[in-house]
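# Summary of the model geometry
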Amino acid sequence: MDQSGVAAQTQKSPWGPAGPAAPACPLTEVMSEQLARQLEEENAAFPSLTDPAADLLLAEDGADTTSDLMLAQMLQMQFDREFDDQLRREEKKFNGDSKVSISFENYRMVHPYEDSDSSEDEVDWQDTRHDPYRADKPQAAPRRGFSGKGKNITTKHDEDACGRKNTARMDNFAPEVQVGDGLGLKLSNQVFNALKQHCYSEQRRSARLHDKKEHSTAEQAVDPRTRLLMYKMVNAGVLENINGCISTGKESVVFHADGGRMEEQPVPEEVVLKVFKTTLNEFKNRDRYIKDDYRFKDRFSKLNPRKVIRLWAEKEMHNLSRMKKAGIPCPDVVLLKKHILVMSFIGKQSVPAPKLKDVSLGAEEMTEAYHQVLQMMQQLYQDCNLVHADLSEYNMLWHQGKVWLIDVSQSVEPTHPHGLEFLFRDCRNVSTFFQKRGVSEAMSVYHLFNAVSGLDVPVGAEDEALFMAEIVALEKRNEDHVQKRGRKTFPAASEDGGPPLEPDSDD
Ligand code: ADP
Ligand code: MG
């Protein structure tokens, strides 16, 4: 049969359909199918880009698209990630197999921690638990200003010691300046001063650039992911407004905010957001407070660094609620969101209550404050089963005629392997402060330690080394006991592990 014959048979009219009619399909379906295919192809080309965005958009409350600002933030973050990804590819191409490689790290947009979901950022925690700058046991500084004998005298001008001290002091530069951990580095005074000068001028320059338009330059102190979480709180109505930064410390940034509404509980009119810093450098020095805290021990070992930081916020929340139950004046916990803890503001009309170190009190009030602090330390130890572990005039606020305790993320139970040493340090700070402020009743550190703990460590001739040795021996005995029979030997320590820990809900 010839071809034209077939054509003549099947084709009745010259413009009729050539084959069997396709099933009817609406135009929108065709278009969305095309779009889906196109997206799939794009995803295949950039596999690593899709996950973080999905993580962001689908986190907790689902896609929150009511705020233009937030949308802009999300888009910016997505853009930054794509930029970084492209940069990484270019860096790889540029360096090839060369033994000497050039890092493009400084050109990246997203803070390095942002990618810490990936395995390459999983830090080996064994390596970071030791703080090379801090002695394991508290050391009394030599009063003479030098140590050693004869030819082996080491003074405070010793090159080696100075170098190490300078490296450690780099941490005190502005929070936005990344100094790295400086392990093993010894900076000469000259280099240290030059670096410091550079940081200050950078800070001034940055302030000049931002102060025209930015609501608060302090926002620069937190990373984009944190900023987004903060905006989400405003968007959800929990906060009315985030006003500005009260303090930028090494380990946290504290913001003042106006409270909004929550269904479950009232939100105070004024609140603070304590944002625990998510850069690993800052936090590795603090591991020993948490890794030996049995309440967090199991979870600590399993977590990646970013989640460990959330434990700090969680720890502060649990410790604050124990204190509240015991009637110790401290902030009320409002909300915990990842590494951001929202709590009531101690102060009035946006003015934070002054630290005890900054307030000038009359002799009578100062004595009252001392007795109150003594009582709070006892309540903390005996009722809350906690040692503050960073108690000083910096972490006590003076408000409404009394002392308020804050900053308890590092607080541990007395049976923590270093719990009593931490208590001794707290006692020394308190005792020294009140003695300097002329409170004649202020006990010596040794008597204060016994008064707070209820222990009867021999005071003898008030020799610190001997006293410390007794304390360390007690801790050691307790640890042996824990190994054999479980926790608890010190008197007045209750077995309450605090409120139940909530499971980690997302990512
Ligand atoms: P850090 O670990 O950085 O020292 P803190 O909890 O001590 O963190 O907070 C730093 C500073 O922020 C405090 O010294 C205090 O001035 C202020 N601050 C913290 N919490 C509150 C609060 N609830 N109310 C008012 N000011 C606060
Ligand atoms: Mg503090």
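Residues numbered from 1 in each chain as written. Chains lettered and ligands numbered in written order. Predicted model: local features only at pLDDT ≥ 70, side-chain atom pairs only at ≥ 80, totals over all residues. Heavy atoms only, no water.

## Section: the coordination of the magnesium ion (ligand 2)
At 2.2 Å from the magnesium ion (ligand 2) lie its protein donor atoms, namely Asn395 (OD1) and Asp407 (OD). You can see Asn395 sitting in the loop between α13 (363-382) and β10 (396-399) and its partner Asp407 sitting in the loop between β11 (402-405) and α14 (419-436), a full 12 residues away along the chain. Side by side, Asn395 and Asp407 carry an identical accessibility label, which is buried. (Donors = N, O, S within 2.8 Å, 3.2 Å for Na, K, Ca; no water. Helix = DSSP H or I, 4+ residues; strand = E, 2+ residues; numbered from the N terminus. Buried < 20%, exposed > 50% of the residue type's maximum accessible area, 1.4 Å probe, protein only.)

## Examining a nonpolar patch on the surface
A cluster of nonpolar side chains, contributed by Phe79, Phe83 and Met109, occupies part of the molecular surface with about 280 Å² of accessible area. Within the fold, Phe83 resides in helix α4 (residues 68-95). (Patch = residues over 30% accessible without salt bridge, like charges linked within 9 Å, V, L, I, M, F, W, Y side chains within 5 Å. Areas by Shrake-Rupley, 256 points an atom, 1.4 Å probe, with all protein chains shown as cover. Salt bridge = Lys/Arg side-chain N within 4 Å of Asp/Glu carboxyl O.)

## Structural notes on the sheet that holds strand β5 (residues 270-276)
Ordered in space as β3-β4-β5-β7-β6, the five strands form an open sheet in which the pairing is antiparallel. Strands at the two margins of the open sheet, each flanked by one partner only, are β3 (239-248) and β6 (333-337). Strand-to-strand, the axes of this sheet are offset by a mean angle of 25 degrees, without reference to chain direction. For β3 and strand β4 (residues 252-259), the ladder comprises seven bridges, and the chain directions are antiparallel. Looking at the pairing, Asn241 lines up with Asp258 of β4. In the packing of helix α12 (residues 305-325) onto the sheet, the strands contacted are β5, β6 and β7 (340-344), and the crossing angle to β7 comes to about 25 degrees. (Pairing = 2+ DSSP bridges. Axes fitted to C-alpha atoms, helices over the stretch in contact; angles between N-to-C directions. Contact = heavy atoms within 4.5 Å.)

## A word on the confidence of the model for the protein chain
The predicted model of the protein chain has a mean per-residue pLDDT of 76, with 63% of residues at 70 or higher. Within the model, pLDDT remains below 50 along residues 46-64, and this stretch shows 28 contacts once partners closer than five positions in the same chain are excluded. In this model residues 491-507 is a low-confidence stretch, pLDDT under 50, and it forms 41 contacts with partners more than four residues away in sequence or in other chains. (pLDDT = per-residue confidence, 0-100.)

## Section: the site of ligand 1
The environment of ligand 1 is made up of 15 residues, and the closest members are Ser252, Lys274, Ile346, Lys355 and Asp407. One nitrogen or oxygen atom from the main chain of Ser344 is found 3.0 Å from a nitrogen atom belonging to ligand 1. The separation between an oxygen atom of ligand 1 and a polar side-chain atom of Asp407 is 2.9 Å. Here ligand 1 loses 90% of its free accessible area of 540 Å² to cover by the protein chains. Counting only elements with at least two residues in the shell around ligand 1, the list comes to β3, β4 and β5. Its residues assigned to classes, the shell around ligand 1 comprises eight nonpolar, four polar and three charged. (Near = heavy atom within 4 Å. Polar contact = N/O pair within 3.5 Å; in protein donor to acceptor, adjacent residues only side chain to side chain. Nonpolar A, V, L, I, M, F, W, Y, C, P; charged D, E, K, R; others polar.)

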